[in-house]
Amino acid sequence: MPYTMFIEIPLPHNVVILSIGSNLGNKLMNIESAYQQITEKCKISKIYSSPVIETSPWGYQSDNTFYNSAVAFESNMDDPKELLNTIQHIEKEIGRAKKSIDGIYADRLIDIDIIFFGKVMLQEKDLQIPHPKMVERSFVLNPIALIDAPFLADDFKAFMQKLIAKCPDKSEFRMNN
């Protein structure tokens, strides 16, 4: 059962963390294209990425495994909806045809989710921050915990380890080297 987090997020106010996944086409190229376009379109000087992990699909059946990663960066954006519009545009450019509807998932070339937007807590129909399902998904939590960025302090790393320990999804993953 999903639960909502009502906690202080140990992140600087300008740090954004995104989750990126792909299970169609050249998955690694799709993720690398997302890194590049996020850097360009969000006007970021440095993006920090996790290693790419390989996981089974979550929430539906498919023969296509996922490659998952996470990125963190310092942002000048004040509006999370501006970021949402930007990443939806990036998804379309990479080839994403449609978003999941009513919780029904399907294979996709790219999926980019806003997980954290600094300390913002937002509950709107089209955007929830922190991402409400992250606490149920090890394929989201593990890559975030693997990001090595100077602005992710020890308290944030400890926070992520606590979320991983409480996560009901204990699915295994493989590092994609």
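This is a predicted model, so every value here is computed, not measured.

Rules behind the numbers
Residues numbered from 1 in each chain as written. Predicted model: local features only at pLDDT ≥ 70, side-chain atom pairs only at ≥ 80, totals over all residues. Heavy atoms only, no water. Axes fitted to C-alpha atoms, helices over the stretch in contact; angles between N-to-C directions. Helix = DSSP H or I, 4+ residues; strand = E, 2+ residues; numbered from the N terminus. Parallel < 35°, antiparallel > 145°, perpendicular 65-115°, else oblique. Left-handed = near helix turned anticlockwise from the far one by under 90°. Contact = heavy atoms within 4.5 Å. Nonpolar A, V, L, I, M, F, W, Y, C, P; charged D, E, K, R; others polar. Buried < 20%, exposed > 50% of the residue type's maximum accessible area, 1.4 Å probe, protein only. Pairing = 2+ DSSP bridges. Expected span 1.5 Å × (residues − 1). Arc of directions from axis to C-beta. Polar contact = N/O pair within 3.5 Å; in protein donor to acceptor, adjacent residues only side chain to side chain.

**Examining the packing of helix H3 (residues 138-146) against helix H4 (residues 154-166)**
Direction vectors running N to C along H3 and H4 enclose 155 degrees, while the axes themselves pass 10 Å from each other. Here H3 lies roughly antiparallel to H4, going by the angle between them. Of the two possible hands of crossing, H3 and H4 adopt the one that is left-handed. Contacts from Leu 141, Asn 142, Ile 144 and Ala 145 in H3 reach Phe 156, Met 160, Gln 161, Leu 163 and Ile 164 in H4. The residue inventory of the contact of H3 with H4, partitioned by class, reads 7 nonpolar, 2 polar and no charged.

**Comments concerning the pairing of strand S5 (residues 111-117)**
A large share of S5 lies buried, amounting to 7 of its 7 residues. Of the pairings in the sheet, the one linking strand S1 (residues 15-22) to S5 comprises 6 bridges and is antiparallel in character. Along S5, the bridge assignment pairs Val 16 with Phe 117.

**Things to note about helix H2 (residues 80-94)**
With 15 residues, H2 extends 21 Å from end C-alpha to end C-alpha; this agrees with the ideal 21 Å at 1.5 Å per step. The complete set of buried residues in H2 reads Pro 80, Leu 83, Leu 84, Thr 86, Ile 87, Ile 90, Glu 91 and Ile 94. Along the axis of H2, the buried residues cluster in a sector spanning 165 degrees; they form a single face. Turning to H2, the residues buried within the fold contact S1, helix H1 (27-41), S5, strand S6 (122-124) and strand S7 (127-129). If you check the start of H2, you find a side-chain oxygen 2.9 Å away from the backbone N of Lys 81, and it comes from Asp 79. The first or second residue beyond H2 is Gly 95, which carries a positive phi of 125 degrees.

Limitation: the analysis is restricted to geometry and does not speak to function.
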